[in-house]
Amino acid sequence: GENIDIVIRNLRGEGGISVTYDPIVLNVNNMELKFPHDQFIDGKFVGSSDGRTFKTINPATEKPICELPLATVADVDRAVRAAKKAFERGEWRQMSARERGKRLYKLAELMEEHKEELATLESLDAGAVYTLALKTHVGMSIDVWRYFAGWCDKIQGKTIPISNARPNKNLCLTLREPIGVVGLITPWNYPLMMLSWKMAACLAAGNTVVHKPAQVTPLTALKFAELSVLAGIPPGVINIVTGSGSLVGNRLTAHPDVRKIGFTGSTEIGATVMESCAKSNIKKVSLELGGKSPLIIFADADLEKAVKQACGAVFFNKGENCIAAGRVFIAKSIHDDFVKKLVEEAKQYQIGDPLDRSTAHGPQNHLAHLNKLVEYVEKAVAGGAKVEVGGKRLEREGLYFPPTILSNIDDENFAASEESFGPIMCVSSFDDDDIEDVLRRANDTEFGLAAGVFTRDSSKSLRVAEALHAGTVFVNTYQKTDVAAPFGGFKQSGFGKDMGEEALNEYLVTKTITIEY
Ligand code: TAP
């Protein structure tokens with residue numbers, strides 16, 4: 001294609017700012033969708049240094065959407081140089097915190113204005129159900145940018161009473177400063193939202209960033225980059241490189257000029273990221289990793305609500321959800337009846353084209369992932385699990401795997417401890433009167449991202465919430481995350497929070513200044 005100028009008017013209908021790129025134009029979802037398919041470095045859309053490309057696939061059709069540059073180490077280095085220059089010498093650094101907040105707020109407004117396009121892209125590239133993408137993938141992303149835009153001019157240090165150097169006095173104060181160039185590496189399940197959770201806090205704190213989206217879902221990050229130009233984010237502050245984790249991600253974690261890595265992904269890769277951060281230059285690092293979150297349903301719960309919420313807790317976003325309830329414990333006295341109701345509920349999910357407004361369950365994200373889900377069920381069944389519903393790839397075009405329920409999951413079954421990251425509910429029962437035992441089993445995992453409990457006994461719910469080793473515990477609800485509440489795991493689910501005030505700490509360093517007078 002040829003580069004053309006895309007002029008987009010701002011909210012007040014004024015024109016002027018233009019972004020130049022070679023757009024892909026699609027007529028889809030009742031709109032003309034226009035988006036970049038090049039990487040974004042130093043304020044420009046560019047190809048890779050060696051001209052190589054890769055294709056991104058639509059999981060609903062298994063057909064390619066477009067080609068993108070396959071980033072090289074030279075591309076990462078170029079992006080880091082741009083981010084370093086923008087941090088050390090650019091307008092971004094000189095700008096007041098309030099002005100920074102204004103630009104981030106404007107970015108949120110532009111995302112709102114373009115939310116149908118962003119949600120359509122998420123649907124095409126990640127198989128996200130469009131109606132859900134509007135509300136969650138894109139809706140929550142917008143919320144998180146607004147939330148952190150508001151933090152920019154509220155990042156404060158302290159004055160601290162230290163001992164005086166008599167006869168003189170001392171004044172001790174702290175400054176909260178940005179770290180520098182930050183590398184962000186994110187997975188494919190909520191492409192724009194994972195970008196936003198990290199990047200909004202990172203930029204609010206005043207850093208500059210090089211982001212690597214998952215190779216299978218790069219498109220919303222690039223549309224976002226276009227909007228960032230229109231919001232007045234200066235060149236070099238946001239850079240997006242599109243390439244593989246093993247090459248591009250690895251170069252970011254090892255780069256001597258990157259001072260912090262924010263990573264979301266699997267525990268296995270998280271460990272190599274941490275190692276590379278340590279070996280290269282003792283980078284600060286935060287890791288949001290895998291989960292196998294227990295959900296405990298007591299017999300005294302509001303069962304109708306618990307059935308709906310338990311299904312939501314597992315099948316939300318086709319199970320491609322880090323806090324998905326990976327293991328559901330059901331009290332023995334209600335187990336059989338409850339499982340029957342779960343099966344009825346699971347069958348209600350309308351499976352189909354993610355752009356169709358009546359669809360509740362879209363295609364899995366990509367083929368390798370779908371194949372893993374098929375294997376997961378086979379292996380669980382070999383270990384004694386019973387398939388109550390689903391369990392097989394659907395015979396139709398697209399990467400469809402239905403909501404699946406496996407019962408009779410023994411503690412020894414691999415499915416009791418391994419994450420599927422798909423729409424597979426793993427059900428075990430527990431003795432109604434033995435709370436200690438179900439807590440022991442719920443905590444018998446190396447993960448600790450989230451957990452949930454359903455009971456009408458408030459005292460029991462609080463005791464259970466306190467005993468569960470997880471970064472987020474839901475009581476009589478599930479899936480209720482919010483941009484203002486800190487989110488992140490315990491144990492091998494990682495460390496460092498996204499969202500809430502605490503997320504800012506991940507992207508700040510504290511300087512202590514002591515003055516004698
Ligand atoms: P990973 O395979 O770990 O990939 C995550 C990201 O890391 C991708 O962008 C990947 O690049 C990149 N990467 C791969 N190898 C790398 C390396 N050696 N150095 C640096 N980066 C590297 O995870 P996934 O399969 O995409 O995502 C699923 C996992 O993410 C699940 O375990 C899920 O629980 C977890 N997850 C956690 C959360 C939270 S908040 N805790 C949220 C969502 C997902 P490419 O894949 O593009 O090559």
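Refer to the structure above for everything that follows.
Computed from a predicted model, the values in this text were never measured in an experiment. (Residues numbered from 1 in each chain as written. Predicted model: local features only at pLDDT ≥ 70, side-chain atom pairs only at ≥ 80, totals over all residues. Heavy atoms only, no water.)

### Regarding the site of the ligand
In the neighbourhood of the ligand, 30 residues make up the surrounding shell, with Gln215, Gly245, Ser266, Leu289 and Glu419 lying closest. Within the backbone of glycine 265, a nitrogen or oxygen atom sits 3.3 Å from an oxygen atom of the ligand. Between an oxygen atom of the ligand and a side-chain N or O atom of glutamate 419, the distance comes to 2.6 Å. Contact with the protein chains removes 86% of the 920 Å² of surface that the ligand exposes when unbound. A majority-of-atoms criterion places the ligand in the largest pocket. (Near = heavy atom within 4 Å. Polar contact = N/O pair within 3.5 Å; in protein donor to acceptor, adjacent residues only side chain to side chain. Areas by Shrake-Rupley, 256 points an atom, 1.4 Å probe, with all protein chains shown as cover. 1 Å grid on protein atoms, 1.4 Å probe; cavity = no way out; pocket = protein on both sides within 12 Å on 5 of 7 lines; lining within 4 Å. Sits in = over half its atoms within 2 Å of the grid points.)

### Regarding empty space enclosed by the protein
Counted by the stated rule, this structure contains 5 cavities of 30 Å³ or more. In this model, the largest cavity occupies a volume close to 100 Å³. Forming the walls of the largest cavity are 16 residues, and the residues nearest its centre are Ala324, Gly326, Glu419, Ser420 and Phe421. Volume-wise, the second largest cavity comes out at about 60 Å³. As for the second largest cavity, its lining consists of 15 residues, of which Pro294, Thr445, Phe447, Gly448 and His469 are closest to the centre. Sorting the residues of the lining of the second largest cavity by element identifies α13 (435–443) and β21 (450–454) as the ones contributing at least two each. Tallied by class, the residues present in the lining of the second largest cavity amount to 8 nonpolar, 5 polar and 2 charged. (Points joined across faces, edges and corners; volume = space filled by probe spheres on them. Helix = DSSP H or I, 4+ residues; strand = E, 2+ residues; numbered from the N terminus. Nonpolar A, V, L, I, M, F, W, Y, C, P; charged D, E, K, R; others polar.)

### Quick word on the packing of helix α3 (residues 97–113) against helix α5 (residues 130–151)
Between two packed helices, both the angle of their axes relative to each other and the distance between the axes serve to describe the pair. Packing of α3 against α5 leaves a shortest axis separation of 8 Å and a crossing angle of 165°. One way to sum up the angle between α3 and α5 is to call them roughly antiparallel. Regarding α3 and α5, the two cross each other, and that crossing is left-handed. Within the contact between the two elements, α3 uses Gly101, Leu104, Tyr105, Leu107, Ala108, Glu109, Met111 and Glu112 and α5 uses Ser141, Ile142, Trp145, Arg146 and Ala149. Among the residues making up the contact of α3 with α5, the classes are represented as 8 nonpolar, 2 polar and 3 charged. (Axes fitted to C-alpha atoms, helices over the stretch in contact; angles between N-to-C directions. Parallel < 35°, antiparallel > 145°, perpendicular 65-115°, else oblique. Left-handed = near helix turned anticlockwise from the far one by under 90°. Contact = heavy atoms within 4.5 Å.)

### With respect to the pairing of strand β20 (residues 424–430)
Within β20, 6 of the 7 residues are buried, which leaves the element mostly enclosed by the surrounding structure. Of the strand pairs in this sheet, strand β17 (residues 327–331) and β20 are connected by 4 bridges, and their pairing is parallel. Each bridged residue has a counterpart across the sheet, and for alanine 331 the counterpart in β20 is phenylalanine 430. Where strand β19 (residues 404–407) meets β20, 3 bridges bridge the pair, whose relative direction is parallel. (Buried < 20%, exposed > 50% of the residue type's maximum accessible area, 1.4 Å probe, protein only. Pairing = 2+ DSSP bridges.)

### Quick word on helix α1 (residues 73–89)
The end-to-end C-alpha distance of α1, which contains 17 residues, comes to 24 Å, matching closely the 24 Å that a straight helix rising 1.5 Å per residue would cover. Every buried residue belonging to α1 is among Asp75, Val76, Asp77, Ala79, Val80, Ala82, Ala83, Ala86 and Phe87, and all of these are buried. (Expected span 1.5 Å × (residues − 1).)

### A few points about the sheet that holds strand β9 (residues 159–160)
Reading across from one edge, β9-β10-β24 is the order of the 3 strands in this open sheet, with antiparallel pairing throughout. If you trace the sheet from one side to the other, it starts and ends with β9 and β24 (508–516), each paired once.

### Some points on a positive patch on the surface
On the surface, Lys44, Arg78, Arg81, Lys85 and Arg89 cluster together to form a positively charged patch. Tallying contributions element by element places α1 first for the positive patch, with 4 residues. Along the chain, the position of arginine 81 falls in helix α1. (Patch = residues over 30% accessible without salt bridge, like charges linked within 9 Å, V, L, I, M, F, W, Y side chains within 5 Å. Salt bridge = Lys/Arg side-chain N within 4 Å of Asp/Glu carboxyl O. Lys, Arg positive; Asp, Glu negative; His and termini not counted. Charge placed at Lys NZ, Arg CZ, Asp CG, Glu CD.)

### Overview of the packing of aromatic side chains
Enumeration over the complete set of coordinates arrives at 10 aromatic pairs. An angle of 65° between the planes, with centres 5.1 Å apart, marks the rings of tryptophan 197 and phenylalanine 487 as edge-to-face. Residue tryptophan 197 is found in helix α6 (residues 191–204), and its partner phenylalanine 487 is found in the loop between β22 (472–475) and β23 (494–495); the two are separated by 290 residues along the sequence. Of the two residues, tryptophan 197 and phenylalanine 487, neither departs from the other in class, the shared state being buried. Of the aromatic side chains, those joined through ring pairs into one cluster are Tyr21, Phe40 and Phe45. We note arginine 396 situated over the ring of tyrosine 400; from NZ or CZ to the ring centre the distance is 4.2 Å. Across the ring face of phenylalanine 298, the terminal group of lysine 460 is positioned such that the distance to the ring centre comes to 4.2 Å. (Phe/Tyr/Trp six-rings, centres within 6.5 Å; stacked < 30°, edge-to-face > 60°. Lys NZ or Arg CZ within 6 Å of the ring centre and 35° of its normal.)

### Digging into the layout of surface pockets
Of the pockets and cavities examined, the largest pocket occupies roughly 1200 Å³. Put simply, the parts of the chain that give the lining of the largest pocket at least two residues each are α8 (245–254), β14 (260–264), α9 (267–281) and α12 (367–382). When residues of the lining of the largest pocket are assigned to their parent elements, the largest contribution, 7 residues, is made by α12. Across the lining of the largest pocket, the residue classes tally to 17 nonpolar, 20 polar and 8 charged. Approximately 450 Å³ is the volume attributed to the second largest pocket. Surrounding the second largest pocket, 22 residues form its lining, Leu132, Lys135, Thr136, Phe316 and Gln479 being those nearest its centre. Breaking the lining of the second largest pocket down by element, the ones donating at least two residues are α5 and α6. Considering each element in turn, the lining of the second largest pocket owes the most residues, 5 residues, to α5. Of the residues contributing to the lining of the second largest pocket, the split by class is 13 nonpolar, 7 polar and 2 charged.

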